[in-house]
Amino acid sequence: MTGYVSEIWRLRYFWTALVRNDLRSRYRRSIIGIGWSLLHPIAMTVVLCAVLCPLFRQPVREYAPFLLSGLTLWGFVMAVVTQGCHCFFQGESYIRQHPAPLAIYPLRTTLGAGFHFLLGLAIAIVFVWIVNGMGNVPALLSLIPTLLLLFLVGWSLAVCMGVANVVFQDSQHLIDVVMQILFYVTPILYKTDRLADRPRLAWFVNLNPFAVLLELVRQPLLYGELPSLRAASLGALTGVLAVAAAALALKHFEKRMIFYL
Amino acid sequence: MSLIQLNDVGLRFRVRRFGRISLKEYLLQGVFRRSKQSTFEVQALENIDLTIAEGDRLGIIGHNGAGKSTLLKLLAGIYPPTAGRRQVHGRISALFDIALGFEQEASGWDNIMYRGYLQGETPRSIRAKMQPIADFSELGDFLNMPVRYYSAGMMVRLAFSIATAIEPEILIIDEVLSAGDMAFQSKARERMQTLMSSARAVIVVSHDLHSLELLCDQVLWLDHGKVRLTGPTKEVIAAYKQQVEEGSQRRAA
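Participant: Hey, could you run me through the overall build of chain B in this one?
Facilitator: Looking only at helices and strands, chain B has eight helices and nine strands in total. Taking all 253 residues of chain B together, the buried fraction comes to 47%. The contacts in chain B between residues at least 6 apart in sequence include a share of 72% that link residues at least 24 apart. Working note: accessible area of chain B is about 12,800 Å², and carbon and sulfur atoms make up 52% of it.

Participant: Would you mind showing me how to read the packing of aromatic side chains here?
Facilitator: In this structure the tally under the stated criterion is 17 aromatic pairs over all chains. Centroid distance Trp 74 of chain A to Phe 210 of chain A: 5.8 Å. Interplanar angle 85 degrees. Geometry classified as edge-to-face. Linking Trp 74 of chain A in helix H4 (residues 60-84) with Phe 210 of chain A in helix H12 (residues 209-223), this pair joins segments that are 136 residues apart in sequence. Classification of Phe 210 of chain A as buried rests on a relative accessible area of 12%. Relative to Phe 13 of chain B, the ring of Phe 259 of chain A lies with its centre 5.5 Å away and its plane at 85 degrees, an arrangement referred to as edge-to-face. Here Phe 13 of chain B lies in strand S1 (residues 2-16) and Phe 259 of chain A lies in helix H14 (residues 257-260), a pairing that spans two chains. Joined through ring pairs, the aromatic side chains of Trp 74, Phe 183, Tyr 184 and Phe 210 of chain A make up one cluster.

Participant: Help me understand the layout of surface pockets, please; the structure alone is not making it clear to me.
Facilitator: Empty space among the atoms becomes visible once a probe the size of a water molecule is rolled across them. Computed from the structure, the largest pocket encloses a volume of approximately 1,200 Å³. Secondary-structure elements contributing two or more residues to the lining of the largest pocket are helix H1 (2-10), helix H6 (92-97) and H14 of chain A together with helix H2 (68-76), strand S4 (83-88), strand S5 (92-95) and helix H3 (108-118) of chain B. Of the residues assigned to the lining of the second largest pocket, the class counts are 14 nonpolar, eleven polar and four charged.

Participant: Looking at this structure, I do not really get a nonpolar patch on the surface. What am I missing?
Facilitator: Residues and elements named next belong to chain A. A cluster of nonpolar side chains, contributed by Val 126, Trp 129, Ile 130, Met 134, Val 137, Leu 141 and Ile 144, occupies part of the molecular surface with about 740 Å² of accessible area. Sorting the residues of the nonpolar patch by element identifies helix H7 (104-132) and helix H8 (137-141) as the ones contributing at least two each. Relative to the assigned elements, Met 134 resides in the loop between H7 and H8. Take Met 134: its relative accessible area is 56%, and that puts it in the exposed class.

Participant: What is the right way to read the sheet that holds S5 of chain B from this model?
Facilitator: Hydrogen bonds between backbone groups are what pair the strands of a sheet, and the pairing can be parallel or antiparallel. All names here are of chain B. If you trace the six strands from one edge of the open sheet to the other, you get S5-S6-S7-S3-S8-S9, paired in mixed fashion. Each having just a single partner strand, S5 and strand S9 (226-232) make up the two edges of the open sheet. Neighbour to neighbour, the strand axes of the sheet diverge by 15 degrees on average, direction disregarded. Here helix H6 (residues 182-198) sits on the sheet and contacts strand S3 (57-61), S5, strand S6 (170-174) and strand S7 (201-205); the angle it forms with S6, its principal contact strand, is near 145 degrees.

Participant: Sorry if this is basic, but what is going on with unusual backbone geometry here?
Facilitator: For residues that are not glycine, phi is negative in most cases, and the peptide bond is trans in most cases. One non-glycine residue, Arg 57 of chain A, adopts positive backbone phi at about 55 degrees. Mapping Arg 57 of chain A onto the fold places it in the loop between helix H3 (35-56) and H4. For Arg 57 of chain A, a relative accessible area of 70% corresponds to the exposed category. Of note, Glu 138 of chain B is a non-glycine position whose phi angle comes to about 55 degrees, a positive value. Here Glu 138 of chain B lies in the loop between helix H4 (123-137) and helix H5 (152-163). Since its relative accessible area comes to 48%, Glu 138 of chain B is described here as partly exposed.

Participant: Any chance you could explain the pattern of salt bridges here in plain terms?
Facilitator: When the charged atoms of two side chains with opposite charge come close together, those side chains can pair. Within this structure, the stated rule accounts for 14 salt bridges over all chains. Lys 191 of chain A is the salt-bridge partner of Glu 62 of chain A, the closest N and O atoms lying 3.2 Å from each other. Of this pair, Glu 62 of chain A sits in helix H4 while Lys 191 of chain A sits in the loop between helix H10 (171-185) and helix H11 (199-207); the two residues are 129 residues apart in sequence, bridging distant segments of the chain. Across the pair Glu 54 of chain B and Arg 200 of chain B runs a salt bridge whose closest N-O atoms are separated by 3.1 Å. Of this pair, Glu 54 of chain B sits in the loop between strand S2 (39-53) and S3 while Arg 200 of chain B sits in the loop between H6 and S7, and the two are 146 residues apart along the sequence. On the accessibility criterion, Glu 54 of chain B (45% relative accessible area) is partly exposed. Salt bridges sharing partners connect three or more residues here, namely Asp 22 and Arg 108 of chain A together with Glu 103 of chain B.

Participant: Explain H3 of chain B here, please?
Facilitator: Residues three or four positions apart in an α-helix share a direction because the helix packs 3.6 residues into each turn. With nine of its eleven residues buried, H3 of chain B lies for the most part within the structure. Looking only at H3 of chain B, the buried set comprises Gly 108, Asp 110, Asn 111, Ile 112, Tyr 114, Arg 115, Gly 116, Tyr 117 and Leu 118 of chain B. The inward-facing, buried residues of H3 of chain B contact helix H2 (12-27) and H6 of chain A together with H4 and H5 of chain B. Count one or two residues on from H3 of chain B and you reach Gly 120 of chain B, which has phi positive near 95 degrees.

Participant: Would you take a moment to explain helix H13 (residues 229-253) of chain A for this structure?
Facilitator: All names here are of chain A. A rise of 1.5 Å per residue sets the reference length of H13, with its 25 residues, at 36 Å; its end C-alpha atoms lie 36 Å apart and thus fit the reference within 8%. Listed as buried for H13 are Ala 231, Gly 235, Thr 238, Gly 239, Ala 242, Ala 246, Ala 249, Leu 250 and Phe 253. Structurally, H13 contributes buried residues whose contacts are with H1, helix H9 (143-167), H12 and H14.

Participant: Would you mind showing me how to read the side chain of Lys 129 of chain B here?
Facilitator: Among the secondary structure elements, Lys 129 of chain B is positioned in helix H4. Once residues lying within four places of it in the same chain are set aside, the contact partners of Lys 129 of chain B are Glu 121, Ala 165 and Glu 167 of chain B.

Participant: How should I be thinking about the nonpolar core in this particular structure?
Facilitator: In summary, soluble globular proteins display a tendency toward joint burial of nonpolar side chains. Among the nonpolar cores identified, the biggest contains 79 residues, and Phe 14 and Phe 88 of chain A together with Ile 60, Leu 71, Leu 75, Leu 158 and Ile 203 of chain B are the most heavily contacted of them. Residue contributions to this core peak at six residues, all from S1 of chain B. Those residues in contact with Phe 14 of chain A that sit more than four places away from it in its chain are Tyr 94, Ile 104 and Tyr 105 of chain A together with Tyr 114, Tyr 117 and Leu 118 of chain B. Residues Ala 79, Met 179, Leu 221 and Leu 222 of chain A belong to the second largest nonpolar core, which totals 50 residues.

Participant: Would you mind showing me how to read the interface of chain B and chain A here?
Facilitator: When the parts of a complex come together, some accessible area is lost, and that lost area is often used as the size of the interface. Across the contact, 35 residues belong to chain B and 32 residues belong to chain A. Buried area between chain B and chain A, both sides added, is near 3,000 Å², and the carbon and sulfur share of it is 59%. Taken together, the connections running from chain B to chain A amount to two salt bridges. Across the salt bridge formed by Asp 110 of chain B and Arg 24 of chain A, the nearest N and O atoms sit 3.3 Å from each other. At the junction of chain B with chain A, the criterion picks out four residue pairs in polar contact (both at pLDDT 80 or more). In terms of residues, the side of chain B that touches chain A owes the most to one element, H3 of chain B, which gives five residues. Taken together, the residues that form the side of chain B that touches chain A break down as 18 nonpolar, six polar and eleven charged.

What counts and how
Residues numbered from 1 in each chain as written. Chains lettered and ligands numbered in written order. Predicted model: local features only at pLDDT ≥ 70, side-chain atom pairs only at ≥ 80, totals over all residues. Heavy atoms only, no water. Helix = DSSP H or I, 4+ residues; strand = E, 2+ residues; numbered from the N terminus. Buried < 20%, exposed > 50% of the residue type's maximum accessible area, 1.4 Å probe, protein only. Contact = heavy atoms within 4.5 Å. Areas by Shrake-Rupley, 256 points an atom, 1.4 Å probe, with all protein chains shown as cover. Phe/Tyr/Trp six-rings, centres within 6.5 Å; stacked < 30°, edge-to-face > 60°. 1 Å grid on protein atoms, 1.4 Å probe; cavity = no way out; pocket = protein on both sides within 12 Å on 5 of 7 lines; lining within 4 Å. Points joined across faces, edges and corners; volume = space filled by probe spheres on them. Nonpolar A, V, L, I, M, F, W, Y, C, P; charged D, E, K, R; others polar. Patch = residues over 30% accessible without salt bridge, like charges linked within 9 Å, V, L, I, M, F, W, Y side chains within 5 Å. Salt bridge = Lys/Arg side-chain N within 4 Å of Asp/Glu carboxyl O. Pairing = 2+ DSSP bridges. Axes fitted to C-alpha atoms, helices over the stretch in contact; angles between N-to-C directions. Expected span 1.5 Å × (residues − 1). Core = buried A, V, L, I, M, F, W, Y, C linked by side-chain atoms within 4.5 Å. Buried area = accessible area lost by both parts, 1.4 Å probe. Polar contact = N/O pair within 3.5 Å; in protein donor to acceptor, adjacent residues only side chain to side chain.

None of the figures reported here should be taken as evidence of function without further support.
Here it is as structure tokens:
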């Protein structure tokens, strides 16, 4: 286990260079470069605000950062899941030539997606800062362990999806459907308190690990409060389960992956 | 002391008749228990015993599909043995499928860096090697271009130059001697000879019996995944040639 992690660390120059290359080639030949990844969540937020603010009767200054943080986090989850499906195929030629820990290929995917997530999060923080003034700094600092948790969950998801898609080729279609459903049962567009008169649905939505992760991000960012103990412990549990699932998948398939590629 | 030891090693592939299986098929088969055999097994290697010691120069010969490349990949740690034991003491550098594995959008220079890092270089150690690698490849300004625009020959040049810019301990080679155009081939051959003389042990697969005679002191003849004969280069190659001739005579008759 420690040997595996130190081997990943030994190859750090390899995967960081690949992540840098991925980010660069994504924005090559575009004038505003990195701006594209800022433009997407902002444009979505503007459009959805215009439509949903009157519908939900929400003030823009409150709803916009709520939406932006939700969409950015969901963008990260979608990226690790859908790109994670292809991570081992993307690294196939390396896998065929050089024995290296398989976890570095989903790590590459996760770090690329994480970069965009951080950009989106930074915009949300700046937006809240401009509109509502400087938030509660200790609460904002709680975002640091949350980011670490998100990174681990994202990496684990990418590992699991990568393995699943190599073993069963239709995993990616299946996961598309699952993610579509999850999008609506996760409080991205709506607040959970709107479900107050539907307690059973609210209970179900609150159980969703992505809802927990969202709360961990939003509570300090939007309301300047530390996340609730319930959210923190459920978040930690999510992290442990995700890492355990990924470790199991790797333990089982690390050596045999080459036979499936 | 032995650097690599294989004890009774076997490798069995499961090949799917219709490509990869889908989750849907898997579940349906599980539910209906129809014993539709959608996979069949290939015994790629069987009962291989092999010891590579300090200073050994081993050649591997055999027909196409005899399992030569598979054996090399197993030695290099890419395939795990499905039977027996594989023990390695030392760092293995392998040269096979060398034209594979470039980042298509990245320039030649960047790809030199990535491959170097994968082979365990650090930014500091790769810096000194970049220029010699570039010089050896003779690609000049093309190195600033994305690899996507390279011809097959250019890719081979680049890959060979990167892969051989190492100080190998145990060197494993799969017929890379036929890389690139004529001028590059003779250069490549020279580079291979220096590499092979500096390595503590060399294992090479080739169809070029003549160069094997020059390079190797031991030869292993692989036939349908099993060791047919192993011993001093001259004897094994003579036996192999005889078998090939007999085969062609039988076909002619």
